Amino acid sequence: MKRDVTGLIIKVKKYAPAADTSILQRAYEFADQHHIDQKRASGDPYISHPVAVANMLADLKLDIPSIATGLLHDTVEDTSATLEDIQNEFGEEIAYLVNGVTKLSRIELQSNDNKQAENFRKLVLAMAQDIRVLLIKLIDRLHNMRTLHYLPSADSRKRISLETIEIYAPLAERIGMFTVQEQLQDLSFAELNPEAYQSIMLRVADFHEKGQDIVQRVIEGLKGTLSEGSIDCEVFGREKKPYSIWRKMQRKNVNFEQLSDLFGFRIVTTSVADCYQALGLIHSSYLVLPQKFKDYISTPKPNHYQSLHTTVIGPKGIRLEIQIRTTSMQEIADRGVAAHWQYKQEMTSNDGKRFRWLRSLLEIMDQAAGAEEFLEHTKLEMFQDQVFCFTPKGDVINLPQGATPIDFAYAVHSDVGNSCKGAKINGRLMPLRTEIKSGDQLEIITSKNQQPSPTWEQFVVTGKAQANIRRFIRSQQRDQFTRLGRSIYASELTADQRKVLEEHKESIYKTHGIHNESEFLSFIGEGKITIRELKHKFFDEGPMEDDIKISKSKVSSKKSVEIKGLVPGMAIHYAGCCHPLPGDKIIGIITTGKGVTIHNSDCETLHKYEEEPHRWFDVSWGDTGNTQFKGRVFVMLENKSGSLGSIATIIGKSGANITNIRVLRRLNDYFDLLIDVDVTDKDKLFDVIALLRTSSIVHSVERH
Ligand code: MN
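What you are looking at is a predicted structure, and each value in this text was computed from that prediction instead of being measured.

**Some details on the overall build of the chain**
Move 1: The number of helices and strands found in the chain is 27 helices and 21 strands.
Move 2: Taken across its 704 residues, the chain has 49% of its residues classed as buried.
Move 3: Long-range contacts, defined as pairs at least 24 residues apart, comprise 66% of the intrachain contacts of the chain with a sequence gap of at least 6.
Move 4: Taken as a whole, the chain presents about 34200 Å² of accessible surface, with 49% of it coming from carbon and sulfur.

Next up, the structure:
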């Protein structure tokens, strides 16, 4: 292998005379220095590999940044060079491409199952982003496959071959690089199934030897037929590749002797009109198999492949597969998206290259959905909505964009989700709400004592995680209501009363559709059955007084309000005696049949419950969003005309809404007022109070 880039630069200059190739010289020197002590498995200096890759990229007539990336592609992964070094030396575009190829190098197929292969292909596509990254990776892989036999470990050779045939060959096909696809397939096939490969090679050689004159005769025959028109063309005979023969034998259940279509013939013309004229001449001279005719010129394949395909009966009844195309179609068939891109490139200016590349890939993928040629029927955009991450064993888990470790845990197994305590992403402990990125490796830390948290529901994105968390919360909620119901039942009823109720159990259960005791107790806890109701019915006691009056105009507990310390879904009321606001210290008091009443922790009403510790719940404000709460202020206001109006204006300025004004006392000089305002929290209410205090007509303001 040559150890300089003179040949490479000459090659590039041929198709891009104006290109600045000095960057290639510098990239070569950079890579050479960094790989200096490294050798390939073949014993060659390591630099031979990037130089070969760069040359192959130049054969595809790629742009300078791609070829420079070919030279640099292994420096970040395998040497002391960093991405910053590349960025400083070669700029952002090349650093971007090197980074892309480096990321792809870290993905390894470790599973043998088909579903995994499909996910891996999507992963590679999603991660590549810029199609040049994919092209460079494919060429890198092709060169590694060509030198695979030097690798001493049979396991490694097998793994790499499997990955190549399952992932990279289909990707090459997707972007129309048939030549690369064929080579990747044959090199992998030779490694994975050496007996089959050898036997096909022998038979092909044998057939080739005996059939040589047949091929030559067919070519001569076709030329003769075509000479009847004035068509400028060349005719080629071409042997099918071992892997495609093998596939045909697998698919069609035929043996070697029956494979008459070992050879393909190709007619390459200079114009589309000549293609159709050639077709006409052939169809009028040979017997045609009509079902085999395909016109990919008028209807190109999604990857932009164009050609006419026909099969006719040749001499000795041999079937001849014939492709007819122009030289530029031939170019696209060989180089796929690379050729396609180049034409676009020539037509447009220099900026935004990267995005044109991407767009042309998107165009191709866009149309791929309905095409039988493609292995997946999924569009690229769909992969962009997804992330692909790994289990510690190397399995790929496919999740929607925005998924978190909790989603991942539930995707692995419900038990893993339910006992998820923490997560390591790429070996580092990360918060459970972290968004997973494609290529991340996740490890879930579980604990028997862990339970799903209701807050998880706010950031999970998969239905599976949501359903599991909700199911858990519901059961936990039932437990809590049952616990509560049990203590209410025990404290509010005498032993004798409980005994009486026990005798009527059946009828109570029946009336309410209850199945067992814990359900009965949870009904009491939840307030679906009240003690008052039971006493009234069975002991003829009058309706019980409610211990406290719950404000009728209470703010309903909207979904966005979260009170910590309670399970979601419990009915929440805000006490009318103290009007608690977010920011206040609060206490929850369970009230039979009413759910939980939230009091300010310094509310005097709380004294009433000192003897009933089972009714106290330690709670705090969670996220309350923009929910409005009722705040109440006591105002002493000068009694003069217009002062009430001024108050309304002042409060309006603070942005708060007055919901009620009550005049408590009207003296000659002062009003005593209670004003209710809707505010989001305590601080907001204090803003209102402060603003009122600035007014000359306000004597005093207190929170009430
Ligand atoms: Mn490489």
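Next comes the rest of the write-up.
**Quick look at the nonpolar core**
Considering soluble globular proteins, one finds that nonpolar side chains tend to be buried as a cluster.
Move 1: Within the largest apolar cluster, 56 residues are counted, with the highest numbers of intra-cluster contacts made by Leu8, Leu24, Leu71, Leu72, Ile86 and Leu184.
Move 2: Take this core: its biggest share by element is nine residues, from helix α9 (residues 131-146).
Move 3: Residue contacts for Leu184: discarding those within four places in its chain leaves Leu138, Arg141, Leu142, Met145, Thr164, Tyr168, Ala169 and Ala172.
Move 4: Leu493, Leu581, Ile647 and Ile689 belong to the second-largest nonpolar core, a separate cluster that totals 51 residues.

**Overview of the coordination of the manganese ion**
Move 1: Note on the manganese ion: its protein donors are His49 (NE2), His73 (NE2), Asp74 (OD) and Asp140 (OD). The metal-donor distances range over 2.1 to 2.3 Å.
Move 2: Spacing between the donor residues of the manganese ion along their common chain follows H-x23-H-D-x65-D. Within this pair, whereas His49 is found in helix α3 (residues 48-59), its partner Asp140 is found in helix α9, the two being separated by 91 residues in sequence.

**Digging into the pairing of strand β19 (residues 657-666)**
Move 1: Two strands pair when backbone bridges link them, and β19 and strand β20 (residues 670-679) are joined in this way by eight bridges, in the antiparallel orientation. Note that in β20 the partner of Arg666 across the bridge is Phe671.
Move 2: Counting the residues in the hairpin turn of β19 and β20 gives three residues.

**A closer look at the sheet that holds strand β18 (residues 629-638)**
Move 1: Spatially, β19-β20-β18-β21 is the arrangement adopted by the four strands of the open sheet, whose pairing is antiparallel. Of all the strands in the sheet, the pair left with one neighbour each is β19 and β21 (698-703). Pairwise comparison of adjacent strand axes, ignoring direction, gives a mean angle of 20° for this sheet.
Move 2: Pairing between β18 and β21: five bridges, direction antiparallel. Within the sheet, the bridge partner assigned to Leu637 lies in β21 and is Val698.
Move 3: Its contacts with the sheet put helix α26 (residues 643-653) on β18, β19, β20 and β21, and the angle it makes with β20 is roughly 25°.

**Remarks on the sheet that holds strand β9 (residues 420-425)**
Move 1: Spatial strand order, β10-β9-β11: three strands in an open sheet with antiparallel pairing. Where the open sheet ends on each side, the last strands, each with one partner, are β10 (428-430) and β11 (442-446). Mean inter-strand twist for the sheet, computed between neighbouring axes without regard to direction, equals 35°.
Move 2: Summarising the sheet, β9 and β10 pair through three bridges and their orientation is antiparallel.

**Focus: the confidence of the model for the chain**
Move 1: Of all residues in the chain, 83% attain a pLDDT of 70 or more, and the chain-wide mean is 80.
Move 2: Low pLDDT, under 50, characterises residues 341-383; the stretch is placed with 80 contacts to residues that sit more than four places away or in other chains.
Move 3: Low pLDDT (under 50) marks residues 543-559, which in the prediction has 31 contacts with non-local residues, meaning those over four places away or in another chain.

**Description of the environment of Ile131**
Move 1: Position of Ile131 among the secondary structure elements: in helix α9.
Move 2: Linking Ile131 and Gly100, residues 31 residues apart in sequence, is a C-alpha distance of 10.0 Å.

**Topic: the packing of aromatic side chains**
Aromatic rings considered in pairs are described by the distance between their centres and by the relative angle of their planes.
Move 1: Overall, the coordinates contain 11 aromatic pairs when judged by the stated rule.
Move 2: Ring centres of Phe30 and Phe90 lie 5.5 Å apart, and the angle between their planes is 85°; this geometry places the pair in the edge-to-face category. Here the residue Phe30 occupies a position in helix α2 (residues 22-34), and Phe90 occupies one in helix α6 (residues 83-90), the gap between them amounting to 60 residues. Phe90 matches Phe30 in its accessibility class, with the two residues each being buried.
Move 3: Pairing Trp621 with Phe629 gives two aromatic rings, centres 5.4 Å apart and planes at 80°, and the pair type is edge-to-face. Neither residue differs from the other here; Trp621 and Phe629 are each classed as buried.

**Observations concerning the pattern of salt bridges**
A pair can form between side chains of opposite charge whenever their charged atoms are brought close.
Move 1: Tallying each qualifying case throughout the model produces 13 salt bridges.
Move 2: We note a salt bridge from Asp140 to Lys137, for which the minimum N-O separation is 3.6 Å. Of this pair, Asp140 and Lys137 are both found in helix α9, three residues apart, which corresponds to roughly one turn of the helix.
Move 3: Looking at Asp140, the relative accessible area reads 3%, which means it is buried.
Move 4: A salt bridge links Asp584 to Arg703, with the nearest nitrogen and oxygen atoms 2.6 Å apart. Separated by 119 residues along the polypeptide, Asp584 in the loop between β13 (572-574) and β14 (586-591) and Arg703 in strand β21 bring together distant segments of the chain.
Move 5: Taking the relative accessible area as the measure of exposure, Asp584 reaches 9% and is therefore buried.
Move 6: Salt bridges here are not isolated pairs; linked through shared partners, they connect Asp63, Glu93 and Arg132.

Rules and cut-offs
- Along every chain, residues carry numbers that run from 1 in the direction the sequence is written.
- Local features in a predicted model are, by the rule used here, given only for residues with pLDDT of at least 70; side-chain atom pairs are given and counted only at 80 or more, and totals for whole chains, interfaces and linings are based on all residues.
- Excluding hydrogens and water, the side-chain figures rest on all heavy atoms present in the structure.
- What counts as a helix is a DSSP run of H or I of at least four residues, what counts as a strand is a run of E of at least two, and both are numbered from the N terminus.
- Exposure classes here rest on a 1.4 Å probe applied to the protein chains alone. A residue is buried below 20% of its type maximum, exposed above 50%, and partly exposed in between.
- Working rule for contacts: check all heavy atoms of both residues, and any pair within 4.5 Å makes them a contact.
- Each accessible area is a Shrake-Rupley estimate made with a 1.4 Å probe; only the visible protein chains count as cover when residues are assessed.
- Among the buried residues, those of types Ala, Val, Leu, Ile, Met, Phe, Trp, Tyr and Cys that are joined through side-chain atoms within 4.5 Å form a nonpolar core.
- Metal-coordinating donors are taken as N, O and S atoms lying within 2.8 Å of the metal, or within 3.2 Å when the metal is Na, K or Ca; because water is left out, some sites can appear incomplete.
- By definition, two strands form a pair when at least two bridges between them are found by DSSP.
- The angle between two axes is taken between their N-to-C directions and runs from 0 to 180 degrees, where each axis is a line fitted to C-alpha atoms and a helix contributes only its stretch in contact.
- Residue-level confidence of the predictor is what pLDDT reports, using numbers from 0 through 100.
- When two rings of Phe, Tyr or Trp (its six-membered ring) have centres within 6.5 Å they constitute a pair, described as stacked for plane angles under 30 degrees, edge-to-face for angles over 60, and tilted for the intermediate range.
- Salt bridges, as used here, are contacts in which a Lys or Arg side-chain nitrogen is within 4 Å of a carboxyl oxygen on Asp or Glu.

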